[in-house]
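Results of the structural survey
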Amino acid sequence: MVYDVFISYGRKESRTFVKELHDRLVAEGLVVWLDQNDIPLGVDFQEQINDGILRSHSFLFVIAPHSINSIYCSREIELAEKYNKRIVPLLHVLPESAEQENEIRSSIRRINWTPFVDESQFESSFSDLLSILQKQRAYVEKHTEMLLRASLWREGKYEKSLLLLGEDRALAETWLDTPFTYEQAPCQPTELQCRYISESKKNATNLHTDVYFVYAESAGSQMNEISFAFTRHNMSCWIAQFDLRTGIAEDTQRQNGIENADNIVLVWTEDMRNNALRMAEFEYAVSLNKRIIGISLSGVSLSQDATFQNIQFTPWASANVMGIIAEIQTERSYFQKHTQVLVAALKWERQNYNQSILFRGYNLVQTEDWLRIASKQQSSPPTELQYKFIKESLAKGDSLPTEVFISYSRSESDFARHLNTELQIHAKNTWFDQESIAPGSAFEQEINNGIRNSDNFLFVISERSV
């Protein structure tokens, strides 16, 4: 169940007021969480409160001397702030001193304060409260939905079947990109929500990412902040502390991460130069003609170092992130296509130039257009292998029939990727959306064309796909 508001208060001064407030909110059609009504007998009291805050769109804090000094109310506020909930302070009984009131105002967001001190003004204050709760309501409700789904994903040990699919993912990305240019956002996305959306994007795009981070262990304490700054701006990221999985060689995972990323962010610390493994990552990215963006945590100037002469390092501060994001957005479609062609070319080479992997149809036409632009690129031109792959695709790609169209649910992406690879190894020409739809293509149109031109339609049956 989801609630419109959660009411936090101190019973000593505010119990009667809160009961009246609850009844009036319910009369207006709002769903209200109140401890007097919503905690069953014989259950964990604190667990019920925590769940109520998680499931509520807005958090109402009734200010009175008792609630200000209550350890329980403090815990509730801390959790609401951890979840980045919309917090609406209701001033019911004046604090005991102006100093205490100022302290409260500095610790609780300075917006949405609503006075209920004067009983004769109740109707006017209540009307103001309703206006606050209605403002940007869709955004706040989406915040709760994303928080609940992301929390379920975390509780499910990051099970991929719980990631966002199709339209749900697109709506989540739109929500994350919502601009608040001329007004303050009612609430902010959490790190968990941003990471959840980032992982959903990766799952839907054959593990493709906007950014791969190269960093030494000494940067680990700041990597949460750095990666959150990127995912907050709807950038999908590969970061070792989240993405390395057990059971697969670490070197292989890091190599695949670099190949599948449009941009490499080199996080520079003083010990980086002597870290052979991380420098090898950097050198591999250079060999693939990846765009490399530098972030400096050490304050050391690298402008005179020949190894990094083509990389501009930006000192890290959250205030600088928009400049880095703007750089990534520049020619974004070019670098997306660079990655798509590179991944296909490497796969083609590793499978002994398997013709099943060659580009065909609209994807090939787009790649040919990209190559005309790519030939003028100075910093990240195509590699020799990419040129070779495109040349072979132009010579033979469209003469190859599409033998198998693979239809599946995104929750089975890992299985579908494995199935597609095995079919290609056995010389079957497949249509697999994560490889066959070029960036910027009309998704539904390309699917329809893929089905129309395929000899066989392979349907991966699962609960989600059915």
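Residues numbered from 1 in each chain as written. Predicted model: local features only at pLDDT ≥ 70, side-chain atom pairs only at ≥ 80, totals over all residues. Heavy atoms only, no water.

All right, on to the overall build of the protein chain then. For the protein chain, the count of helices and strands is 21 helices and 13 strands. Seen through its principal axes, the protein chain has C-alpha atoms that stretch 85 × 60 × 40 Å. Looking at the protein chain as a whole, 52% of its 466 residues are labelled buried. In the form shown here, the protein chain has an accessible surface area of approximately 22700 Å², with 50% of it arising from carbon and sulfur atoms. Side-chain charges in the protein chain split into 46 positive and 63 negative, and the spacing between the mean points of these groups amounts to 4 Å. (Helix = DSSP H or I, 4+ residues; strand = E, 2+ residues; numbered from the N terminus. Buried < 20%, exposed > 50% of the residue type's maximum accessible area, 1.4 Å probe, protein only. Areas by Shrake-Rupley, 256 points an atom, 1.4 Å probe, with all protein chains shown as cover. Lys, Arg positive; Asp, Glu negative; His and termini not counted. Charge placed at Lys NZ, Arg CZ, Asp CG, Glu CD.)

This paragraph deals with the packing of aromatic side chains. Under the counting rule described, the total for this entry stands at 21 aromatic pairs. Between Trp153 and Tyr158, the ring centres sit 4.7 Å apart and the planes meet at 75°, which makes this aromatic pair edge-to-face. The exposure class assigned to Tyr158 is partly exposed, which follows from its relative accessible area of 34%. Judged by centre distance (4.7 Å) and plane angle (20°), the ring pair of Tyr212 and Trp238 falls under stacked. With Tyr212 in strand E6 (residues 209-214) and Trp238 in strand E7 (residues 237-238), the pair connects residues that are 26 residues apart, well separated along the chain. Of the two residues examined, Tyr212 and Trp238, each falls in the buried class. What links up through ring pairs into an aromatic cluster is the set Phe17, Phe116, Phe122 and Phe126. Its guanidinium or amino end placed over the ring of Tyr158, Arg195 lies 4.7 Å from that ring's centre, counting from NZ or CZ. Over the ring of Phe242 we find Arg195, and its NZ or CZ is 4.2 Å from the ring centre. (Phe/Tyr/Trp six-rings, centres within 6.5 Å; stacked < 30°, edge-to-face > 60°. Lys NZ or Arg CZ within 6 Å of the ring centre and 35° of its normal.)

Taken together, 3 strands build an open sheet; the order of strands is E12-E11-E13 and the sheet is parallel. Looking at strand neighbours, the two that pair on one side only are strand E12 (430-431) and strand E13 (454-459), the edges of this open sheet. By the bridge criterion, 2 bridges tie strand E11 (residues 402-407) to E12 in an arrangement that is parallel. Across the sheet, Val404 pairs through a bridge with Thr430, a residue of E12. Packed onto the sheet, helix H21 (residues 443-452) meets E11, E12 and E13 and runs at close to 115° relative to E13. (Pairing = 2+ DSSP bridges. Contact = heavy atoms within 4.5 Å. Axes fitted to C-alpha atoms, helices over the stretch in contact; angles between N-to-C directions.)

Moving on: the pairing of strand E3 (residues 56-63). Looking along a regular strand, one sees side chains alternate from face to face of the sheet. The buried fraction of E3 is high, at 8 of 8 residues. Judged from the 5 bridges that link them, strand E1 (residues 3-8) and E3 form a sheet pairing that is parallel. Note on E3: the bridge partner recorded for Ile7 is Leu60. By the bridge criterion, 6 bridges tie E3 to strand E4 (residues 86-91) in an arrangement that is parallel. Bridge pairing in E4 places Val62 opposite Leu90.

Counting residues in each nonpolar core, the largest one holds 58 residues, and the members touching the most others are Phe213, Phe230, Leu266 and Phe389. For this core, the element with the highest residue contribution is helix H16 (residues 332-350), accounting for 8 residues. Ignoring sequence-local partners within four residues, the contact set of Phe389 consists of Val341, Ala344, Ala345, Trp348, Ile357, Leu358 and Phe359. In this structure, Val62, Val88, Phe122 and Ile132 belong to the second largest nonpolar core, which totals 21 residues. (Core = buried A, V, L, I, M, F, W, Y, C linked by side-chain atoms within 4.5 Å.)

Quick look at the state of the cysteines now. What the rule picks out here adds up to 0 disulfides. In this model Cys237 remains outside any disulfide bridge; the closest cysteine sulfur is found in Cys194, 9.9 Å from its own. Of the residues examined, Cys237 reaches a relative accessible area of 3% and is grouped as buried. (Disulfide = S-S within 2.5 Å.)

This paragraph deals with the environment of Glu270. By secondary structure assignment, the location of Glu270 is in the loop between strand E8 (261-268) and helix H14 (276-287). C-alpha of Glu270 to C-alpha of Ala219: the two residues are 51 residues apart in sequence and 9.8 Å apart in space.

Viewed as axis vectors pointing N to C, H16 and helix H17 (residues 361-374) meet at an angle of 120°, and their least axial separation amounts to 11 Å. As judged from the angle between their axes, H16 and H17 are oblique. Seen along the crossing, H16 lies across H17 with a hand that is left-handed. For the pair H16 and H17, contact is made by Tyr334, Lys337, His338, Gln340 and Val341 and by Asn363, Gln366, Thr367, Trp370, Ile373 and Ala374, respectively. Within the contact of H16 with H17, the residues separate by chemical class into 5 nonpolar, 5 polar and 1 charged. (Parallel < 35°, antiparallel > 145°, perpendicular 65-115°, else oblique. Left-handed = near helix turned anticlockwise from the far one by under 90°. Nonpolar A, V, L, I, M, F, W, Y, C, P; charged D, E, K, R; others polar.)

Another aspect to go through is the sheet that holds E1. Taken together, 5 strands build an open sheet; the order of strands is E2-E1-E3-E4-E5 and the sheet is parallel. Sheet topology places strand E2 (32-33) and strand E5 (114-115) at the edges, where each strand pairs with a single neighbour. On top of the sheet, helix H8 (residues 137-155) reaches E1, E3 and E4; it is set at about 100° to E3, its chief contact.

Take unusual backbone geometry next. Within the chain, Asn289 stands out as a residue other than glycine whose phi angle is a positive 60°. For Asn289, the location among the structural elements is in the loop between H14 and strand E9 (291-296). With a phi angle near 60°, Tyr353 is a residue other than glycine that sits in the positive phi range. Residue placement: Tyr353 occurs in the loop between H16 and H17.

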